Amino acid sequence: MMRHKWKFLFGGLAGALVAAGWWLYSRRPRERIPSRESVDGPGAARAYEWVAVLPSMRLLRWFVAHRAVGMTGRGEAADLGCGPGYLVIELARRSPGLHVTGIDLSDEMLAQGQDNARRAGVVYRVSFRRGDARQIPFPDASLDLVVSTLSLHHWSDPIAVLDEIARVLRPGGSFLVFDLPRAGCCCGSPLTL
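Residues numbered from 1 in each chain as written. Predicted model: local features only at pLDDT ≥ 70, side-chain atom pairs only at ≥ 80, totals over all residues. Heavy atoms only, no water.

**Q** How do you make sense of the pattern of salt bridges when you look at a structure like this?
**A** When the charged atoms of two side chains lie near each other, side chains of opposite charge can form a pair. Scanning all chains against the criterion turns up seven salt bridges. For the salt bridge of Arg94 with Glu90, the shortest nitrogen-to-oxygen distance reads 3.0 Å. Of this pair, Arg94 and Glu90 are both found in helix 4 (residues 86-94), four residues apart, which corresponds to roughly one turn of the helix. On the basis of relative accessibility, which here comes to 29%, the residue Arg94 falls in the partly exposed class. Note that Asp107 is salt-bridged to Arg130, the shortest N-O span being 2.9 Å. One end of the pair, Asp107, is in helix 5 (residues 107-120); the other, Arg130, is in strand 3 (residues 126-130), with 23 residues separating them in the sequence. (Salt bridge = Lys/Arg side-chain N within 4 Å of Asp/Glu carboxyl O. Helix = DSSP H or I, 4+ residues; strand = E, 2+ residues; numbered from the N terminus. Buried < 20%, exposed > 50% of the residue type's maximum accessible area, 1.4 Å probe, protein only.)

This is the structure:
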């Protein structure tokens, strides 16, 4: 009898937590207000570095790099929102004919990317530039590949970024954007464009 009471109590508590979580989630702000402060600064860079080495993130990078190199393995590539540069490094390792530039808003992330590339031994085949995805720091038709992982949900105007990607891609170039669904999307699966 006592065991039944505990199950009931914990079941009710779990149900209440789920209901409270859903209530908070359904009342979240719908308007997106991006903030540089959320991705810039030493604290944010250290936190992202910690997350970036988790096994699930390594698997994601493996998947994206495998798919991207299959799209094009030579020429010039850019990783938008490169963070500490792990995808940049993975692309350079997998495809010696590809020069990869990591682009990020955060100076701290770019410095980490440079350090990580040096430690990985690919520093001569990669570069890092400060830049915004809405104004990719490359001339028209100069890239063979553009990738971005887990950055789209930070973009205030994704269509403008996609237009910018189209501007910098050479004819026949490829792009791969892999991210979580944005607010308002009813699906629970990753978005691949």
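**Q** It is not clear to me how the packing of helix 4 against helix 5 should be interpreted in this structure. Could you clarify?
**A** A packed helix pair is summarised by two numbers, namely the angle formed by the two axes and the spacing between the axes. Where helix 4 contacts helix 5, the axes come no closer than 9 Å and their chain directions differ by 30 degrees. One way to sum up the angle between helix 4 and helix 5 is to call them roughly parallel. In this structure, the crossing between helix 4 and helix 5 has a hand that is right-handed. Together, Tyr86, Ile89 and Arg93 of helix 4 and Asn116, Ala117 and Ala120 of helix 5 make up the contact between the two elements. A class-by-class count of the residues in the contact of helix 4 with helix 5 yields four nonpolar, one polar and one charged. (Axes fitted to C-alpha atoms, helices over the stretch in contact; angles between N-to-C directions. Parallel < 35°, antiparallel > 145°, perpendicular 65-115°, else oblique. Left-handed = near helix turned anticlockwise from the far one by under 90°. Contact = heavy atoms within 4.5 Å. Nonpolar A, V, L, I, M, F, W, Y, C, P; charged D, E, K, R; others polar.)

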